[in-house]
Amino acid sequence: MNSKPPILEVKNLTTCINQVEILKNLNLTVYEGEIHAIMGPNGSGKSTFSKVLAGHPAYEVLNGDILLKGQSILNIEPEERSHLGIFLAFQYPIEIPGVSNEDFLRIAYNSKMKFENKPEVDPIEFFSIVSEKLKIIQMDPAFLSRNVNDGFSGGEKKRNEILQMAILDSELAILDETDSGLDIDALKTISNGINQLMAKDKAIILITHYQRLLDYVKPNFIHVMQNGKIIKTGTAELAQELEVKGYEWLQ
């Protein structure tokens, strides 16, 4: 039993979009130092869950609560959720033409510093900070001068998401299908970066379809989501079973 309170506690969460229920009485508890993988068929609510945690305004919470370190965040805006320690890596990272990676990352970093009443950094100081993070994901410094995700390959976009995660040093990272569209080399590089950024005082939620990511980033728990709720929880061996049997046997 973990002596500290959960970093995340989701209680009986029911949500809808356009009056259609997606999540239905979903429960999940995540402690510091844990990696949780969420798997399930298409349309089961996995990506919706990640967006609701991050505070996407399109989703309405009908029932339940989301507690971050014991505090309800239901009425907190996405920006403040980020400052409080939630990071969401998008399944499909967006391109932002006209905004350089370096400026984007520095503004995000300084926004968090301001929230924490810490001194902001100038471009020279920030370059020193980001250069160390680039090494973690084996990213060329030339990426900093390019526009955010503009013309990036799928693997480069996913690396950029992990770079943002490293810069913001978030306590709870939610990675929504970070492995999708990656070749084996890119998968290994990104997995290595995730493993380096994981720490005893942090937690990660991995949303994935495939067991291959879990060969490199070892979860403490695997949850199977179906029809908007978690229907089964197990250890890493559950992913191997799903790889062989699929999801139908759980119905």
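Note: the structure precedes this text.
All figures in this text were calculated on a predicted structure; none of them were measured in a lab.

Caption draft 1: Expanded view of the overall build of the protein. For the protein, the count of helices and strands is seven helices and twelve strands. Compactness check: the protein gives a C-alpha radius of gyration of 18 Å against a globular reference of 18 Å for 251 residues, within 12% of the reference. Counting only C-alpha atoms, the protein reaches 55 × 40 × 40 Å along its principal axes. Buried positions account for 49% of the 251 residues belonging to the protein. Once local pairs closer than 6 in sequence are excluded, the contacts in the protein between residues at least 24 apart make up 69%. Split by element, the accessible area of the protein, about 12100 Å² in all, is 49% carbon and sulfur.

Caption draft 2: Spotlight on the packing of helix α3 (residues 101-115) against helix α5 (residues 154-168). Close contact between α3 and α5 brings their axes to 10 Å; oriented N to C, the two are set at 30°. Judged on the interaxial angle alone, α5 and α3 are roughly parallel. In terms of crossing hand, the pair formed by α3 and α5 is right-handed. Only N160, L163, Q164, I167 and L168 of α5 make contact with α3, whose side of the interface consists of N101, F104, L105, A108, Y109 and K112. Among the residues forming the contact of α3 with α5, the class breakdown is seven nonpolar, three polar and one charged.

Caption draft 3: Broad picture of the side chain of N160. By the secondary structure assignment, N160 is in helix α5. Apart from the residues lying within four places of it in its own chain, the contact partners of N160 are N101, M139, V148, N149 and F152.

Cut-offs and rules
Counting restarts for each chain, with residues numbered from 1 along the sequence as it is written. Local features in this predicted model are restricted to residues of pLDDT 70 or higher, and side-chain atom pairs are both shown and tallied only at a pLDDT of 80 or more, whereas totals for entire chains, interfaces and linings draw on every residue. Calculated side-chain values reflect all of the structure's heavy atoms, with hydrogen atoms and water omitted. Only DSSP runs of H or I with at least four residues qualify as helices, and only runs of E with at least two residues qualify as strands; both kinds are numbered from the N terminus onward. The reference for a compact globule is 2.2 Å times residues^0.38; the radius of gyration itself is calculated from the C-alpha atoms. Relative accessibility thresholds used throughout: buried, under 20% of the residue-type maximum; exposed, over 50%; partly exposed, between the two (1.4 Å probe, protein chains only). Here, two residues are considered to be in contact whenever any of their heavy atoms come within 4.5 Å of each other. Computed with the Shrake-Rupley method and a 1.4 Å probe, the accessible areas treat only the protein chains shown as cover for residues. Axis definition: a line fitted to C-alpha atoms, limited for helices to the stretch in contact. Angles are taken between N-to-C directions and run from 0 to 180 degrees. Should an angle fall under 35 degrees it is called roughly parallel, over 145 degrees roughly antiparallel, and 65 to 115 degrees roughly perpendicular, with every other angle called oblique. If you view the pair so one helix is near and one far, a crossing is left-handed when the near helix is turned anticlockwise from the far one by less than a right angle, and right-handed when it is turned clockwise. Each residue gets one label: Ala, Val, Leu, Ile, Met, Phe, Trp, Tyr, Cys and Pro are nonpolar, Asp, Glu, Lys and Arg are charged, and the others, such as Gly, are polar.

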